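Architecture and fold: a report
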Amino acid sequence: MPLTGLMDRLDDTLPLAARPYGLLPARARELRGDVFETRLLLQKTTCMTGADAARLFYDPDRFVRAGAAPRRLRLTLFGEGGVQSLDGERHRARKRLFMSLMTQDARDELREISARLWRDRIEGWRGERQVVLYDKVSELLCEAACAWTGVPVAARQLPAITGLLTALIEAPAALEPRYLRGRAARRLGDRWAAAHVTRARERPGHGTALDEIAAYRDTDGRLLPLDVAGVELLNVLRPTVAVARFVVFAAMALHGNPHWRHRLAAEDDPGLLEAFVQEVRRFYPFFPMVAARAARDFEWRGHRFPEGRRVLLDLHGTNHDPRLWERPEQFRPERFAGRGPDSYSMIPQGGGDHCQGHRCPGEWITEDLMKTSVTALTRWMSYSVPAQDLRISPRRAPAIPRSRFLITQVGDPAL
């Protein structure tokens, strides 16, 4: 059968659900190209991988985000009306709001909050028989994010709010019942966030993320509708809690590479910490792909992109592309010695420009929180890692080890 005929018949919905991180790069290798066409839910879809594809994907003249995210993502992870679905001047204006929250002073404040909470948590873990690191760090980051944004959360409310935010993160690619929990969490979370925006508008303040979102006026000069403002507040809180996955991956990397644990504990070198954190972000699976739609008809490398065509960019496969990374399946932080991440080959949280494009505006605070967490794990505490199931299911996106990383015997640092 001719290749075009085969591809016209192929629907990759079930294979993609079974291999969310591996299918797109595998298909690209089979077809010997960075771009190919398939069907998802019987709809023609173009898939791309690699740095050149990322550079194309983040060209606003070629691609838009409106209507690109599958309905499952809008009903759980993203919400309706948020910055992820905007294009043009409305997107640039909304993005300026988020970038205004990422000043050095604001980042320093979040680092200080998270460091204080890490030290408090470590003290409390000393008396516990076993600590599930993912659960504990998710709650720690939820508390840090709420304090940083100006959202008041009582200690008794913290587990429920953490559970709500993690349900949003885990739902989009999940089957029932996790997906249904995510739908319920979105409805509850939107109401909860909108209520905080309402209170902030009744008692205007200055400086916190909640204040800035509540007072933000859209390109029409009007305040955001309450539901949209609530979505944007969750778009600050939710990704901060999602960093717990990277923290667990960092703990896995320390466990699997004890020489790096010893180096980071013994050497006060910011360059080593930077390299280690960047390699964790490159190596481990975070979100597998992102979606856009073709803004107009065009061709690239012999492939036609008709206007409106949904296009997927392979994030994880690009971060493991052997043309970009030497021995990409090996964990090697030294690859980042003296080398900063490239905007189109290192894309765990999207590519392109932070200020103008759709790259995650919280990428810098992700790195900050990871550095604080790795410092805590290597310099502020000692612990043991008992036997457990650390396998990462290839079917689960976003990924997490099955045990969620257990630690025991938390105590004073060894050095």
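Worth saying up front: this structure is predicted, and the values here are computed from it rather than measured. (Residues numbered from 1 in each chain as written. Predicted model: local features only at pLDDT ≥ 70, side-chain atom pairs only at ≥ 80, totals over all residues. Heavy atoms only, no water.)

Time to look at the overall build of the chain. Regarding its fold elements, the chain presents 16 helices and 10 strands. In summary, the chain has a C-alpha radius of gyration of 21 Å against a globular reference of 22 Å for 415 residues, a match within 12%. Taken along the three principal axes of its C-alpha coordinates, the chain extends 65 × 55 × 40 Å. Taking all 415 residues of the chain together, 55% fall into the buried category. A separation threshold of at least 6 residues defines the contact pool for the chain, and within that pool the share at least 24 residues apart is 71%. Element-wise, carbon and sulfur atoms account for 52% of the exposed surface of the chain, whose accessible area totals about 18400 Å². (Helix = DSSP H or I, 4+ residues; strand = E, 2+ residues; numbered from the N terminus. Rg over C-alpha atoms; globule rule 2.2 N^0.38 Å. Buried < 20%, exposed > 50% of the residue type's maximum accessible area, 1.4 Å probe, protein only. Contact = heavy atoms within 4.5 Å. Areas by Shrake-Rupley, 256 points an atom, 1.4 Å probe, with all protein chains shown as cover.)

The subject of this paragraph is the nonpolar core. With 90 residues, the main nonpolar core has Trp-118, Leu-133, Leu-165, Phe-276, Val-280 and Met-381 as its most contacted residues. The contacts of Trp-118, once residues within four sequence positions are left out, are Trp-125, Leu-133, Val-137, Leu-140, Val-247, Thr-372, Ser-373, Ala-376, Leu-377, Trp-380 and Met-381. Phe-63, Ala-294, Leu-313 and Ile-347 belong to the second-largest nonpolar core, a separate cluster that totals 17 residues. (Core = buried A, V, L, I, M, F, W, Y, C linked by side-chain atoms within 4.5 Å.)

So, about the environment of Tyr-134. Residue placement: Tyr-134 occurs in helix H8 (residues 133-149). C-alpha separation for the pair Tyr-134 and Pro-401, spaced 267 residues apart in sequence, amounts to 9.3 Å.

Turning to the pairing of strand S5 (residues 289-294), a few remarks are in order. Along S5, five of the six residues are buried, which leaves the element largely enclosed by surrounding structure. With five bridges joining them, S5 and strand S8 (residues 310-314) adopt antiparallel strand pairing. Residue pairing in the sheet places Ala-292 in a bridge with Val-311 of S8. (Pairing = 2+ DSSP bridges.)

Note on placement: His-91 falls in helix H6 (residues 88-100). For His-91, the contacting residues outside a window of four places in its chain are Val-83, Leu-86, Gln-356, Gly-357 and His-358.

In total, this model carries 15 aromatic pairs according to the counting rule given. Judged by centre distance (6.1 Å) and plane angle (85 degrees), the ring pair of Phe-63 and Phe-305 falls under edge-to-face. Note that Phe-63 is positioned in strand S3 (residues 63-64) and Phe-305 in strand S7 (residues 303-305), a separation of 242 residues in sequence. A residue is classified by how much of its surface remains accessible, and Phe-305, at 0% relative accessible area, is buried. Counting every residue linked through ring pairs, the aromatic cluster contains Phe-249, Trp-260, Phe-276, Phe-283, Tyr-284 and Phe-331. (Phe/Tyr/Trp six-rings, centres within 6.5 Å; stacked < 30°, edge-to-face > 60°.)

Locating Ser-403 in the fold gives a position in the loop between strand S9 (382-384) and strand S10 (406-411). Ser-403 gets classed as buried once you look at its relative accessible area, which sits at 14%. Every residue in contact with Ser-403, bar those within four places of it in the chain, is listed here: Val-132, Gln-388, Asp-389 and Leu-390.

All right, on to unusual backbone geometry then. For the peptide bond that leads from Ala-397 to Pro-398, omega is 0 degrees, which places it in the cis range. The residue Arg-327 is not glycine, and still its phi comes out positive at about 45 degrees. Residue placement: Arg-327 occurs in the loop between helix H15 (315-319) and helix H16 (363-379).

This paragraph deals with the packing of H8 against helix H9 (residues 158-170). Two elements in contact, H8 and H9, have axes separated by 9 Å at closest approach and are oriented at 105 degrees. By the angle between their directions, the pair H8 and H9 is classed as roughly perpendicular. When H8 is examined against H9, the residues Tyr-134, Ser-138, Glu-139, Cys-142 and Glu-143 are found in contact with a partner set consisting of Leu-158, Pro-159, Ile-161, Thr-162, Leu-165, Thr-166 and Glu-170. When grouped by side-chain class, the residues that make up the contact of H8 with H9 number six nonpolar, three polar and three charged. (Axes fitted to C-alpha atoms, helices over the stretch in contact; angles between N-to-C directions. Parallel < 35°, antiparallel > 145°, perpendicular 65-115°, else oblique. Nonpolar A, V, L, I, M, F, W, Y, C, P; charged D, E, K, R; others polar.)

What follows concerns the state of the cysteines. As enumerated under the stated definition, the model contains zero disulfides in all. Here Cys-142 stays free of any disulfide, with the sulfur of Cys-146 as its closest cysteine sulfur at 4.3 Å. (Disulfide = S-S within 2.5 Å.)

This paragraph deals with helix H14 (residues 270-283). Between its terminal C-alpha atoms H14 stretches 20 Å, which fits the 20 Å expected from 14 residues at 1.5 Å a residue. Within H14, 11 of the 14 residues are buried, leaving the element largely enclosed by the surrounding structure. Packing partners of the buried residues in H14 comprise helix H12 (226-256), helix H13 (258-266), H15 and H16. For H14, the N-terminal cap is Asp-269; the gap from its side-chain oxygen to the backbone nitrogen of Gly-271 is 2.8 Å. (Expected span 1.5 Å × (residues − 1). Polar contact = N/O pair within 3.5 Å; in protein donor to acceptor, adjacent residues only side chain to side chain.)

Before going further, it helps to spend a moment on the environment of Gly-205. In this fold, Gly-205 is placed in the loop between helix H10 (178-202) and helix H11 (209-215). For the pair Gly-205 and Ala-144, spaced 61 residues apart in sequence, the C-alpha to C-alpha distance is 20 Å.

A few words now on the sheet that holds strand S4 (residues 131-132). Sheet architecture is open: three strands sit in the order S4-S10-S9, paired in antiparallel fashion. The strands lining the two open edges of the sheet, one partner per strand, are S4 and S9. Sheet analysis places S4 next to S10, joined by two bridges and oriented antiparallel. The partner of Val-131 across the bridge, within S10, is Ile-407.

Attention shifts here to the packing of H13 against H14. To describe two helices that pack against each other, one gives the angle between their axes and the distance between the axes. The interhelical angle for the contact between H13 and H14, taken along N-to-C directions, is 145 degrees, at an axis separation of 9 Å. In terms of crossing hand, the pair formed by H13 and H14 is left-handed. Of the residues in H14, those in contact with Trp-260, Arg-263 and Leu-264 of H13 are Leu-272, Leu-273 and Phe-276. Tallied by class, residues from the contact of H13 with H14 come to five nonpolar, no polar and one charged. (Left-handed = near helix turned anticlockwise from the far one by under 90°.)

A few words now on the confidence of the model for the chain. For the chain, per-residue confidence averages 94 on the pLDDT scale, and 98% of positions sit at 70 or higher. Here residues 1-8 is a poorly scored stretch, pLDDT under 50, and it has 10 contacts once near neighbours within four places are set aside; other chains count. (pLDDT = per-residue confidence, 0-100.)

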